Amino acid sequence: MKTPSEKNVSFDVIIAALLDESKVLPPTYLYRLSDLSGPDFEKTKVVWNQISPARRRALLEDLEELSDNDLTLSFDDLAFFTLEDPDDQVRTLAVRMLWQYEDKHLAPILLKMISEDPSESVRSAAATGLGMFVYLGELEEIPVELAEEVQNKLTEIVASTDTKLVRRHALESLGYSNRPEVKALIENAFRSDKEWEISALFAMGRTADPVQWGEKVLSKIDSPLDDVRTEAIRAAGELELEEAREPLMDLLGEGAEDLDEDLRFTAIWSLSQIGGEGVRDLLEHLEEETEDDEESDFIADALDNLSFTEEKLMFDMFGFDPSDTSAIEMDLDEKDLEEDEDQDPKN
């Protein structure tokens, strides 16, 4: 999407601005890099390596933030192009920008990067990016052979001599997998040091298996270590653990303003995923009390998510699958029939 003030600016002006490092790039020019194609994209490719690495990094960081805040924007083509950038930080940012990208053609590129890229940060980002394809494989939305290759590689990486960061991120991506051996990998990580424990909790949250992992997640909600505690709270929300509702509501009660911000925000979001008695009242109270605009916006989003959770809980209560519209269609057909009978002059 182009902003009205910049959409008519010649792209040559954008290119000149990218190359002129004596001046800050006008933020509105960033919009012109969305959905790049044709001559404009070719011009960008030609001059890309003339831009200093520091400016290329800053540019991708700005584009990543912009796309996070405006879902109508897409910098996928530019990110794909910069996957081969000579600067490892630029490659890392490019991979990060594609973490939500679902096209199967990205998976082989990430598989190569996790195996061959000399940069730990790039391999780590690739390990995280492959999580999307574990997830899509479980949904049978990519070829079985590709799904197996991705999971095989990630399992291999966890057991490899690569750095801990890369191996941890590989485990986190495997959280989506239903493979039996993944359970053992998560168990082993949970019994290891703090960093592995955090990754194990992250993976548990992705399993959609509260029966298997609920007790372990709950055991860490009161951890004295904020980063472990935060990850446990996040996993409790992902697993929709009802047993976590009361502890999280207590956590957000009196004195909650003194909590670590990440911990507080995570608890708010997890409660929106769990739902149930008292949650809406608490979140609305927090929204009214806060004087921080960012927190207010975050709680508003959490309340929207809570509405979705409450709707799902209602469907579950009545044993109704929201994806099955046959019951609704049958009710509508019966209602139409009744209305037709009421309007029949012979009745």
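Relevant structure appears above.
Residues numbered from 1 in each chain as written. Predicted model: local features only at pLDDT ≥ 70, side-chain atom pairs only at ≥ 80, totals over all residues. Heavy atoms only, no water.

Chemist: I keep staring at the side chain of Arg91 and nothing clicks. Help me out?
Modeler: The residue Arg91 is located in helix 5 (residues 88-97) in this model. The contacts of Arg91, once residues within four sequence positions are left out, are Thr82, Leu83, Glu84, Asp85, Pro86, Met113, Asp117, Pro118, Ser119 and Val122. (Helix = DSSP H or I, 4+ residues; strand = E, 2+ residues; numbered from the N terminus. Contact = heavy atoms within 4.5 Å.)

Chemist: Whenever I open this one, the packing of helix 1 (residues 11-19) against helix 2 (residues 38-47) confuses me. Can you help?
Modeler: Helix packing for two helices is described by the angle between their axes and how far apart those axes are. It is at 10 Å that the axes of helix 1 and helix 2 come closest, and there the two elements cross at 20°. By the angle between their axes, helix 1 is roughly parallel relative to helix 2. The chirality of how helix 1 crosses helix 2 is right-handed. Where helix 1 approaches helix 2, its residues Phe11, Asp12, Ile15 and Leu19 are matched on the opposing element by Asp40, Lys43, Thr44 and Val47. For the contact of helix 1 with helix 2, a count of residues per class yields four nonpolar, one polar and three charged. (Axes fitted to C-alpha atoms, helices over the stretch in contact; angles between N-to-C directions. Parallel < 35°, antiparallel > 145°, perpendicular 65-115°, else oblique. Left-handed = near helix turned anticlockwise from the far one by under 90°. Nonpolar A, V, L, I, M, F, W, Y, C, P; charged D, E, K, R; others polar.)

Chemist: What is the right way to look at the packing of helix 7 (residues 120-129) against helix 10 (residues 164-174) in this model?
Modeler: Put simply, helix 7 and helix 10 touch, their axes get as near as 8 Å, and they point 10° apart. If you check the angle between helix 7 and helix 10, you find them roughly parallel. Here Glu120, Arg123, Ser124, Ala127 and Thr128 of helix 7 come into contact with helix 10, specifically with Leu165, Val166, His169, Ala170 and Ser173.

Chemist: When you look at the nonpolar core in this model, what are you seeing that I'm missing?
Modeler: Side chains of nonpolar character tend, in soluble globular proteins, to be buried together. Of all hydrophobic cores here, the largest spans 94 residues; its most connected members are Leu63, Phe133, Val150 and Leu283. The residues touching Phe133, leaving out its near neighbours within four places in the chain, are Tyr101, Glu102, Asp103, Lys104, Leu106, Ala107, Leu110, Ile142 and Val150. (Core = buried A, V, L, I, M, F, W, Y, C linked by side-chain atoms within 4.5 Å. Buried < 20%, exposed > 50% of the residue type's maximum accessible area, 1.4 Å probe, protein only.)

Chemist: Before we go on, may I ask you to explain the layout of surface pockets in this structure?
Modeler: Over the atoms rolls a probe the size of a water molecule, and its path tells where empty space is left. As a volume, the largest pocket reaches approximately 1,500 Å³. In terms of lining residues, the largest pocket is bounded by 47 residues, among which Trp99, Gln100, Met132, Tyr176 and Arg206 are the most central. Mapped by element, the contributors of at least two residues to the lining of the largest pocket are helix 3 (53-69), helix 5, helix 7, helix 8 (131-138), helix 12 (194-206), helix 14 (226-238), helix 16 (261-274) and helix 18 (293-317). Residue composition of the lining of the largest pocket, grouped by class: 19 nonpolar, 15 polar and 13 charged. Taken as a whole, the second largest pocket holds about 240 Å³ of empty space. Surrounding the second largest pocket, 16 residues form its lining, Ala256, Glu257, Arg264, Leu286 and Glu289 being those nearest its centre. When residues of the lining of the second largest pocket are traced back to their parent elements, those giving at least two are helix 16 and helix 17 (279-289). Each residue belonging to the lining of the second largest pocket can be placed in one class, and the counts come to five nonpolar, four polar and seven charged. (1 Å grid on protein atoms, 1.4 Å probe; cavity = no way out; pocket = protein on both sides within 12 Å on 5 of 7 lines; lining within 4 Å. Points joined across faces, edges and corners; volume = space filled by probe spheres on them.)

Chemist: How do you make sense of the packing of aromatic side chains when you look at a structure like this?
Modeler: Counted according to the given criterion, the structure contains six aromatic pairs. Their ring planes at 70° and their centres at 5.3 Å tell us that Phe80 and Tyr101 sit as a pair that is edge-to-face. Highlighted residues: Phe80 in helix 4 (residues 76-81) and Tyr101 in the loop between helix 5 and helix 6 (106-116), separated in sequence by 21 residues. Taking relative accessible area as the criterion, Phe80 reaches 24% and is therefore assigned partly exposed. Plain terms: the ring middles of Phe265 and Phe298 are 4.6 Å apart, the flat faces sit at 20° to each other, and that makes the pair stacked. One end of the pair, Phe265, is in helix 16; the other, Phe298, is in helix 18, and 33 residues separate them in sequence. Residue classification places Phe265 among the buried residues on the basis of a relative accessible area of 11%. An aromatic cluster of at least three residues, connected via ring pairs, comprises Phe41, Trp48 and Phe81. The side chain of Lys45 reaches across the aromatic face of Phe41, ending 4.5 Å from its centre. (Phe/Tyr/Trp six-rings, centres within 6.5 Å; stacked < 30°, edge-to-face > 60°. Lys NZ or Arg CZ within 6 Å of the ring centre and 35° of its normal.)

Chemist: Is there a simple way to explain helix 17 in this structure?
Modeler: Structural remark: α-helix, 3.6 residues per turn; residues separated by three or four positions point the same way. Three or more residues of helix 17 are buried, namely Val279, Leu282, Leu283 and Leu286. Take helix 17 and look down its axis: the buried residues cluster within an arc of 95°, on one side only. Exposed residues lying more than 90 degrees from the buried face of helix 17 are Asp281 and Glu288. (Arc of directions from axis to C-beta.)

Chemist: Would you mind showing me how to read the pattern of salt bridges here?
Modeler: Opposite charge on two side chains makes pairing possible when the charged atoms of those side chains draw close. Tallied over the entire structure, the rule returns 21 salt bridges. Among the ionic pairs, Asp85 bridges to Arg56, the shortest N-O distance being 2.9 Å. Residue Asp85 is located in the loop between helix 4 and helix 5, and its partner Arg56 is located in helix 3; the two are separated by 29 residues in the primary sequence. In this structure, Asp85 and Arg56 share a single accessibility class: buried. For Lys220, the salt bridge is made with Glu197, and the minimal N-O distance between the two is 2.9 Å. Taken together, the residues Lys220 in the loop between helix 13 (210-219) and helix 14 and Glu197 in helix 12 connect sequence positions 23 residues apart. Its relative accessible area of 10% is what places Glu197 among the buried residues. Connected through shared salt-bridge partners, Lys164, Asp193 and Glu195 make up one network. (Salt bridge = Lys/Arg side-chain N within 4 Å of Asp/Glu carboxyl O.)

By themselves, these observations are geometric and do not establish any function.
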